[in-house]
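# Observations on chain architecture
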Amino acid sequence: MDPSGIFPTSYRTDRRVVRTRWQVAALALFVVLMLAAPYLVSGRIIAVLNLMMISAVIAVGLQICTGYAGQINLGQAAFMGVGAYTASILASKTGMTFLLTIPLAGFAAAVFGFFFGLTAARIKGFYLALTTIAAQFLFHFAVLNLPSTWMGGSNGITVPPAELFGLRIVGETAQFYMNFAVAAIMIAGAFGIVRSRFGRAFVAVRDDDVAAGIMGINVAATKANAFLIGAFYAGVGGALWAYLIRFVGVDQFTLFHSIFFVAMIIVGGMGSIVGALVGVFVIRIIQETIATVGPNIADSVSFLGGDIVFAGMNVILGGVIALFMILEPKGLMHRWNILKSSYRIWPFPY
Amino acid sequence: MVYFINDIITGALIGLLYSLVAMGFVVIYRASKVFNFAQGELVIIGGFIVWYTTMQVGLSLWLSIPLSLVLAGLVGYLIERIFLTKLIGESVFSMVMVTVGLLILLRGLVLLLFGPAVRPFPIIFPLKPLFLGDMLIPMNLLIGGIITIVAAIGLSWFFNRTRSGLRMTAVAEDHVVASSMGISVKGSIAFAWVLGAILSTIGAMIFLSGKSLTFLASDIGFAALPVALFAGLESIGGLILAGVIIGIVQSLTTNYLDPLIGGSLGSVVPYIIMLAILLIRPTGLFGWRTIERV
């Protein structure tokens, strides 16, 4: 709800994403801080921020597909992988600029996602989750078993650095700006999508697909669209990932990574773009902490070796998913919204 | 020709093993309307319990097998008490996500408790294969197949004919309606998980007998998943047929098609069958058809 004194006087103001002066100021401050970040914080934090921005693009896509349209998707990492492979093949074989490979990676992933979205027309609920798991397995199979000159097989592909006007985008700082630009465009686009006609159709289908169909929404097309958009975001994120790591291999896109993305939107809150960003932030922080603390623990329990990070990550994320589903199924954003509305109407209870 | 028949028989027996693991999915679904993605992790937990009681504690097989089954049932009960009782009446999405969370939680726990090391699994069934003329049939799979068929007939009778089985079927239809009819939803779900964990442990014994045990063995859960969907999630008897079909197709693909294309199509072929069946007949071969109302 809006704070007192803010009234939309036209449809245009009612549809605004940034509604109050304070929100404009906060957004501007955030953008300025992000742009200045490479000069303010250490390289380690920039590296984490790079990962966060890429995850944010992918998680926002998953939020549109799962949080808004209600289509369970456990194949987001496979869609990401399709994008990453498309970008790296195009960049390494044809030398195409990243200005083209990133959107093309998105489209390739979108086509792959659309194919699995079509199955959503006939099936729903956990059956759908199963077909997206099948997407995950088929992706692995395709990469590992197609001739290795096509997709590198189990060796992976090395990606040439992105170039713009003859300048190579290498190093954390240059990539930081590239990722920030792409992530900003994609997230702004997501805000547009979810308040458009399509976004409202997504919400209607999520809440009750039978009723939505009766009200004249093309349910099958809407579900397929949700997968298409979600996979497009994953593909773009995958392309960014390829340029960041400069190497793609099939092990980077497993079912576990898909589950990590799902964990992000569950923790942040389903059905909220900002929630996806919050979730990315929280989960990446947890991951980073385990990666830092893990090796120290590994010294004391030596028999685990390097697997402790993976194992610890699984235990904590699995626990976090289950706990959030049991205790706070609407995620952190829901808590924040309760808090926000209560301070806006303070001192009145409602 | 003999090899061809042998491949078919071995494929069918592996298919029956998939059926047994898939039976874990179906039993849990039939009594609680929860689809358990963590079935493969239940299999390795069962495997580790058997390994621990025989190889570490050193009990004889006659003592350790019943003890393992009891312990596995206890683990199933604990999982249900901690995670699932609180979700009665919640949406399908919550249930799916909790079991997905369980999947990675249990995998992480197994890694933390037992580590990634490869361990020898006790020899439960005779290693010597059965020779039928020129054919060679693995003993563990043969005995496992018989156990699977017996279990399928027994459980199918239990869920379709007995009073308590039909009560659980009502729970699978709708939690709220079932509990308003005086059926204990909690009890039903608890029973389902205990039974599911026990079936998984039996599956682990057949699958791993005389082999080596690592946490990667949980992939059998994902291998069995297409069988459960092919049969339809509500049908226990149908699992036998679905398992045999998928096992034979997979075995023939691995032995005859893979050498031609030089890949491992055999490992994905169950998934291709699953996708096809989901598109043509979303309820599987013998699943229930439900009519939705607004």
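Our subject is the structure that appears above.
Presented here is an overview of the structure given in this document. (Residues numbered from 1 in each chain as written. Chains lettered and ligands numbered in written order. Predicted model: local features only at pLDDT ≥ 70, side-chain atom pairs only at ≥ 80, totals over all residues. Heavy atoms only, no water.)

Another aspect to go through is the overall build of chain A. In terms of helices and strands, chain A carries 15 helices and 4 strands. Here the C-alpha radius of gyration of chain A, 21 Å, is about what a compact globule of 350 residues would show, namely 20 Å. A principal-axis box enclosing the C-alpha atoms of chain A has dimensions of 60 × 50 × 50 Å. Each of the 350 residues in chain A was classed as buried or not, and the buried ones make up 51%. Taking all contacts inside chain A whose residues are at least 6 apart in sequence as the whole, residues at least 24 apart take part in 76%. Of the roughly 16000 Å² of accessible surface on chain A, 69% is carried by carbon and sulfur atoms. (Helix = DSSP H or I, 4+ residues; strand = E, 2+ residues; numbered from the N terminus. Rg over C-alpha atoms; globule rule 2.2 N^0.38 Å. Buried < 20%, exposed > 50% of the residue type's maximum accessible area, 1.4 Å probe, protein only. Contact = heavy atoms within 4.5 Å. Areas by Shrake-Rupley, 256 points an atom, 1.4 Å probe, with all protein chains shown as cover.)

This part takes up empty space enclosed by the protein. Residue and element names in this part refer to chain B. Scanning all chains against the criterion turns up 1 cavity of 30 Å³ or more. In this structure, the largest cavity encloses a volume near 40 Å³. Phe25, Phe37, Gln39, Gly40, Glu41, Leu103, Ser218, Gly221, Phe222 and Leu225 together form the lining of the largest cavity. Contributing elements (two or more residues each) for the lining of the largest cavity: α2 (39–56) and α9 (219–231). Per-class residue counts for the lining of the largest cavity are 5 nonpolar, 4 polar and 1 charged. (1 Å grid on protein atoms, 1.4 Å probe; cavity = no way out; pocket = protein on both sides within 12 Å on 5 of 7 lines; lining within 4 Å. Points joined across faces, edges and corners; volume = space filled by probe spheres on them. Nonpolar A, V, L, I, M, F, W, Y, C, P; charged D, E, K, R; others polar.)

What follows covers the pattern of salt bridges. All told, the structure shown has 8 salt bridges over all chains when counted by the stated rule. Its salt-bridge partner being Arg206 of chain A, residue Asp207 of chain A comes within 3.2 Å of it at the nearest N-O pair. Its relative accessible area of 55% is what places Asp207 of chain A among the exposed residues. Three or more residues joined by partner-sharing salt bridges are found here, namely Glu41, Arg107 and Asp219 of chain B. (Salt bridge = Lys/Arg side-chain N within 4 Å of Asp/Glu carboxyl O.)

In this section: the packing of aromatic side chains. Residue and element names in this part refer to chain A. On inspection of all chains with the given rule, the structure shows 21 aromatic pairs over all chains. Ring geometry for Tyr85 versus Phe139: centroids 5.9 Å apart, planes at 70°, classification edge-to-face. Separated by 54 residues along the polypeptide, Tyr85 in helix α4 (residues 76–94) and Phe139 in helix α6 (residues 126–145) bring together distant segments of the chain. On the accessibility criterion, Tyr85 (1% relative accessible area) is buried. (Phe/Tyr/Trp six-rings, centres within 6.5 Å; stacked < 30°, edge-to-face > 60°.)

The biggest cluster of nonpolar side chains holds 200 residues, and the ones touching the most others in it are Met23 and Trp193 of chain B. For this core, the element with the most residues is helix α3 (residues 43–68) of chain A, which contributes 15 residues. Ignoring any residue separated from it by four or fewer positions in sequence, one finds Trp193 of chain B in contact with Ile28, Ser32, Val34, Asn36, Leu42, Gly76, Ile79, Glu80, Leu84 and Leu102 of chain B. (Core = buried A, V, L, I, M, F, W, Y, C linked by side-chain atoms within 4.5 Å.)

Below, the discussion takes up the interface of chain A and chain B. Between chain A and chain B, the contact holds 47 residues from the first and 46 residues from the second. Between chain A and chain B, roughly 4000 Å² of surface is buried when both sides are summed, and carbon and sulfur atoms account for 84% of that area. Viewed at the interface, chain B and chain A are joined by 0 salt bridges. For the interface between chain A and chain B, the tally reads 0 residue pairs in polar contact (both at pLDDT 80 or more). The element best represented in the side of chain A that touches chain B is helix α14 (residues 307–327) of chain A, accounting for 13 residues. (Buried area = accessible area lost by both parts, 1.4 Å probe. Polar contact = N/O pair within 3.5 Å; in protein donor to acceptor, adjacent residues only side chain to side chain.)

Right, let's get into the environment of Pro270 of chain B. Residues and elements named next belong to chain B. Assignment of secondary structure puts Pro270 in helix α11 (residues 269–280). In this structure Pro270 comes out as buried when scored by relative accessible area, which is 2%. Sequence-distant contacts of Pro270, that is, excluding residues within four places in its chain, are made with Pro226, Ile246 and Gln250.

Excluding glycine, most residues fall at negative phi; most peptide bonds, likewise, are trans. For the bond from Trp346 of chain A to Pro347 of chain A, the omega torsion is 5°, close enough to zero to count as cis. Within the secondary structure layout, Pro347 of chain A lies in the segment after α15 (331–344). A positive phi angle, near 65°, is found at Arg246 of chain A, a position not held by glycine. Here Arg246 of chain A lies in the loop between α11 (219–245) and β4 (247–248). Of note, the phi angle at Lys33 of chain B is positive, near 60°, even though the residue is not glycine. Considering the arrangement of structural elements, one finds Lys33 of chain B in the loop between α1 (2–32) and α2.

Time to look at the packing of helix α9 (residues 197–207) of chain A against α11 of chain A. Residue and element names in this part refer to chain A. It is the contact of α9 with α11, at a shortest axis distance of 10 Å, that shows an interaxial angle of 110°. When the axes of α9 and α11 are compared, the pair comes out roughly perpendicular. Relative to α11, the crossing made by α9 is left-handed. Contacts between α9 and α11 pair Phe198, Ala201, Phe202 and Val205 from the former with Val219, Thr222, Lys223, Asn225, Ala226 and Ile229 from the latter. For the contact of α9 with α11, the per-class residue count stands at 7 nonpolar, 2 polar and 1 charged. (Axes fitted to C-alpha atoms, helices over the stretch in contact; angles between N-to-C directions. Parallel < 35°, antiparallel > 145°, perpendicular 65-115°, else oblique. Left-handed = near helix turned anticlockwise from the far one by under 90°.)

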